[in-house]
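Residue-level structural notes
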Amino acid sequence: MDFKLMISTIISGVILVGLRTVQLIRSPYKTIRIISNDVNYSQIYVIFVLIYLYFIFADFVKRFNYAPTLIYAVFLLNFLLSSVFFYFMNVVQIKRSDIRPFIMTFAYSLMPSLIWFTINTSLFLIFPPPRTSSILGTLFSIFFIIFSMGMLFWKIQLVYLSLRFATKASFLSIAYAVILYLCIFAPYSVLLYYAGIFRIPFI
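The following refers to the structure shown. None of these values were measured; they are calculated from a predicted model. (Residues numbered from 1 in each chain as written. Predicted model: local features only at pLDDT ≥ 70, side-chain atom pairs only at ≥ 80, totals over all residues. Heavy atoms only, no water.)

**Concerning a positive patch on the surface**
Taken together, the side chains of Lys30, Arg33, Arg164 and Lys168 define a basic patch exposed on the protein surface. Its location among the elements puts Lys168 in the loop between helix H7 (135–167) and helix H8 (171–194). Of the residues examined, Lys168 reaches a relative accessible area of 42% and is grouped as partly exposed. (Patch = residues over 30% accessible without salt bridge, like charges linked within 9 Å, V, L, I, M, F, W, Y side chains within 5 Å. Areas by Shrake-Rupley, 256 points an atom, 1.4 Å probe, with all protein chains shown as cover. Salt bridge = Lys/Arg side-chain N within 4 Å of Asp/Glu carboxyl O. Lys, Arg positive; Asp, Glu negative; His and termini not counted. Charge placed at Lys NZ, Arg CZ, Asp CG, Glu CD. Helix = DSSP H or I, 4+ residues; strand = E, 2+ residues; numbered from the N terminus. Buried < 20%, exposed > 50% of the residue type's maximum accessible area, 1.4 Å probe, protein only.)

**Things to note about the nonpolar core**
Within the largest apolar cluster, 48 residues are counted, with the highest numbers of intra-cluster contacts made by Phe48, Ile51, Phe55, Phe75 and Phe202. With sequence-adjacent residues up to four places away left out, Phe55 is seen in contact with Phe64, Pro68, Ile71, Tyr72, Phe75, Phe198 and Phe202. (Core = buried A, V, L, I, M, F, W, Y, C linked by side-chain atoms within 4.5 Å. Contact = heavy atoms within 4.5 Å.)

**Some points on the side chain of Ser36**
Within the fold, Ser36 resides in helix H2 (residues 28–36). Classification of Ser36 by relative accessible area gives buried; the value is 2%. One polar contact links the side chain of Ser36 to the main-chain carbonyl oxygen of Arg33, over a distance of 2.7 Å. (Polar contact = N/O pair within 3.5 Å; in protein donor to acceptor, adjacent residues only side chain to side chain.)

**Details of helix H6 (residues 111–126)**
When the terminal C-alpha atoms of H6 are compared, their 22 Å separation across 16 residues agrees well with the 22 Å that a helix rising 1.5 Å per residue should span. Here H6 has its buried residues at Met111, Pro112, Ser113, Leu114, Trp116, Phe117, Thr121 and Leu123. (Expected span 1.5 Å × (residues − 1).)

Structure (structure tokens):
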């Protein structure tokens, strides 16, 4: 690939990811529908590079038990397995066989996780524990809990919309697939926790 073309592709991908992240806050339904029909894979590369940079940053702040590259590899495996799982469930139930919408929408559903983990790690660096029980400390804790709940709600919303547009399935079919996924993923997450890889899964 021509160097100038590669640079322009990277820049356009970064700008597009930034714009769509804002649009996912303002209009998640419309934006996920657009993303599910997109074929510009440069956005996925940008998101995955940002996540890798987060792992490098987090290792600098807190020091992981393992090399950040290894933890990133585990994250990629988790992402791939999750995408394949819901793709397979969709093939079984609906007989649809296009995995592209799963990859595109699931990649963007990682943005709440990336934002939350980055801010959480940054706050750990700026305001390291132990934090006081003063008025300011209490207000900070309340604010962070509200922020975390908002990010969790946004995450759940994006995951549901991703499955909705990727599978074209009914709510009950999606709920069944999610419950089955959680039954498998929960013990797997416990194993990752005891292995010292993830205290909180990056999903």
